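# Structural description and commentary
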Amino acid sequence: MEKLTFYAVSAPEKLDRIGTYLADKLTRDVVRHRTGNVLIAMEALDQLLMACHSQSIKPFVESFLHMVAKLLESGEPELQMLGTNSFVKFANIEEDTPSYHRRYDFFVSRFSSMCHSCYDDPEVQREIRVAGIRGIQGVVRKTVNDELQATIWEPQHMDKIVPSLLFNMQKLEDVDSRIGPPSSPDGDKEENPAVLAENCFRELLGRATYGNMSNAVRPVFEHLDHHHLWDPNEFAVHCFKVIMYSIQAQYSHHVIQETLAHLDVRKKDSPRVRAGIIQVLLEAVAIAAKGSIGPTVLEVFNTLLKHLRLSVEFEAGERRGSMGSVNVSTSTKDNDERIVQNAIIQTIGFFGSNLPDYQRSEIMMFIMGKVPVFGTTTHTLDTSQLGFTIVTALPAPFLDPILSPSLMEDYELRQLVLEIMHNLTDRHDNRAKLRGIRIIPDVADLKIKREKISKQDASFMKKNGQQLYRHIYLGCKEDDNVQKNFELLYTSLALITIELANEEVVIDLIRVAIALQDNAIINEDNLPMFHRCAMMALVAAYLNFLSQMIAVPAFCQHVSKVIEIRTMEAPYFLPEHIFRDKLPKSLEKHEKNLYFLTNKIAESLGGSGYNVEKLTVPYVPQVTDEDRLSRRKSIVDTVSIQVDILPGSNPIDNMVDTNGMEEQEKEKRRLVIEKFQKAPFEEIAAQCETKANFLHDRLAQILELTIRPPPSPSGTLTITSGHAQYQSVPVYEMKFPDLCVY
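Residues numbered from 1 in each chain as written. Predicted model: local features only at pLDDT ≥ 70, side-chain atom pairs only at ≥ 80, totals over all residues. Heavy atoms only, no water.

Per an unreviewed UniProt entry, the chain is named Protein EFR3 homolog A, and its organism is Monodelphis domestica. Here the chain is described in UniProt, under the heading Subcellular location (unreviewed entry), as follows: "Cell membrane". Here is the UniProt Sequence similarities (unreviewed entry) comment for the chain, exactly as written: "Belongs to the EFR3 family." (UniProt positions renumbered as here; feature names shortened; annotations may be inferred.)

Encoded structure:
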């Protein structure tokens, strides 16, 4: 062997003839089953290959590969493993120049076949499978970095390589050994087909480029489909963890898109199969978090929402088909569809939470565009005019649909909406400091982070403030509220104060708080005592917070005094006691010093430069189409007409002085005139519409007549009784064509 090697190195041009001679000898020995001679010939070929690196080695390599192919074709396991070992040695040699014509199609096919060996002897079977995996690994290493050997990524090769590796990965018994990045294999792991296959699979994926990614991932889906591995999906989840950890980070979104495409293909499969695919998608998204989620984010959410809709339709169809019959299988399918829906929602939430802030708001608007908007004539939100970036966290097209569910029947849904609003409005991460509803002795200890209110924020509140107040006010009056609802409503008020409150907003927030207090006292909604006391406690906690935030001493003093008296005489009006103390039977006998008084607040704030004129106008929420279409009682039924049209009439302040009725009437008239001169148009519109609706209802009740609304906003009210018709003439007609006081 030493002489032969010296001769070959000294005369490289003879390598071709040496290789041809050895190949002929080895071919005859293989046919005649002369295993000893075959081993000697292969050893000679291996040593010559390792020793010679000249240009003349190319023809010799062809002879060498021809002999390896002969060994792999033989039916003897010993010769197959011998040929594999020789090929692996060859694969580790770095050639000086690339080969333009060499192909490895046969070796891919043969090594893949060895990976599925079913030899009777288990030990021999394991050795053949290990040899096949090592052979595939050798092919990958030899070809993947050679630009002239890109054929390895062609579908016909990947369709053999990937399933062969996955087939062996399924046999892994030690689950813990396959979690996380690949470890350096020891002697035992080299003999374990599952571990070796996984390491080879990781290496293959790590070398894949963007153009090759689809060919490498697609066979994974086909393998999982063919072997029914989506339900249960433990192995599928493991495979995609391996994929996501092995590929280059910038290609993560490609795998996500491939998964979504496969979900589209399998959209008519059983719910558990679809749920298994979605669970795989969730794991992929979790690993790709904060990394490359891809340029087609809207496409991802669009696909998920499409499948959510399909799942709901499937569930509804199954229910319609089983109407009037008790069907256990239908119930099981419904439960399976719920699993699909929950998996989609969880994936959407996790995906969205890892987007940048501006993109997160855009996605929420996109999602709302796919959901029916309550109380509107159109079923979806028009997202065509949203643009590509979001200037504010709560743009006008997004505010209506996100607030609409805050007045739905489900108290848990209302909680979710409030939490979403907190995430969007809390730009300085203060909500954790405001968790729970309580009387805070010193707000400064919370170290609240805030900035000066910008012009954009002030403009937002001018346009949308009444809408926010309305949903908080009505949300407090829901008769199925639990403790968490009141806590979240308190946090909403506090966050608006921190993030969006200038002097005008502060006055509006105080009006909302006083209106809640008045509602708890009058109780025109017939709320349980717990809800009435909870509203009183919420108002106390919020005014305590607000007074310290704006730091007006007289205001702080009034709030502190009321809280002190409540602590001694009515602890059930405070948040620390409402959820555990015994509640009173009525609130009518309580003294006025237990309540926050509008005149006291106006006096304290007016002395500090606040414009307190609006404080004398009781807060009345806007009446919207949503109120007319919803299950809720009309605002007309909950607010007294006297309070509506006489702004100075406050149920608490009337307890202060019952004398001087004439002066009070004069003052009320003056306030009415002043209100129509100075009050915002939205308030006047809400109150006037409330009064008009009130008169309609009362006339119908008293006269038992049919009310026919005027055909046009500026028309008159027609009342029909028998054959007679009466027309009422407007006593005072405002300048606004759609508002009249009759």
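Counting its secondary structure elements, the chain contains 31 helices and five strands. Taking all 742 residues of the chain together, the buried fraction comes to 51%. Partitioning the contacts of the chain with sequence separation of at least 6, the portion at a separation of at least 24 is 72%. Put simply, the chain shows about 36,600 Å² of open surface, and 53% of that area lies on carbon and sulfur atoms. (Helix = DSSP H or I, 4+ residues; strand = E, 2+ residues; numbered from the N terminus. Buried < 20%, exposed > 50% of the residue type's maximum accessible area, 1.4 Å probe, protein only. Contact = heavy atoms within 4.5 Å. Areas by Shrake-Rupley, 256 points an atom, 1.4 Å probe, with all protein chains shown as cover.)

Below, the discussion takes up empty space enclosed by the protein. In this structure the tally under the stated criterion is five cavities of 30 Å³ or more. Along the wall of the largest cavity there are 14 residues; nearest its centre are Met421, Leu468, Ile472, Ser492 and Ile496. Per-element accounting of the lining of the largest cavity gives the leading share, five residues, to helix H19 (residues 411–425). Of the residues belonging to the lining of the largest cavity, the class tally is nine nonpolar, five polar and no charged. (1 Å grid on protein atoms, 1.4 Å probe; cavity = no way out; pocket = protein on both sides within 12 Å on 5 of 7 lines; lining within 4 Å. Points joined across faces, edges and corners; volume = space filled by probe spheres on them. Nonpolar A, V, L, I, M, F, W, Y, C, P; charged D, E, K, R; others polar.)

Structurally, threonine 598 can be placed in helix H26 (residues 598–606). With a relative accessible area of 8%, threonine 598 lands in the buried category. In sequence terms threonine 598 and arginine 511 are 87 residues apart; their C-alpha atoms lie 8.5 Å from each other.

What follows deals with the side chain of serine 74. Take serine 74: it is sitting in the loop between helix H4 (57–73) and helix H5 (77–91). A relative accessible area of 11% places serine 74 in the buried class. In contact with serine 74, not counting residues within four places along its chain, are Leu79, Gln80 and Arg110.

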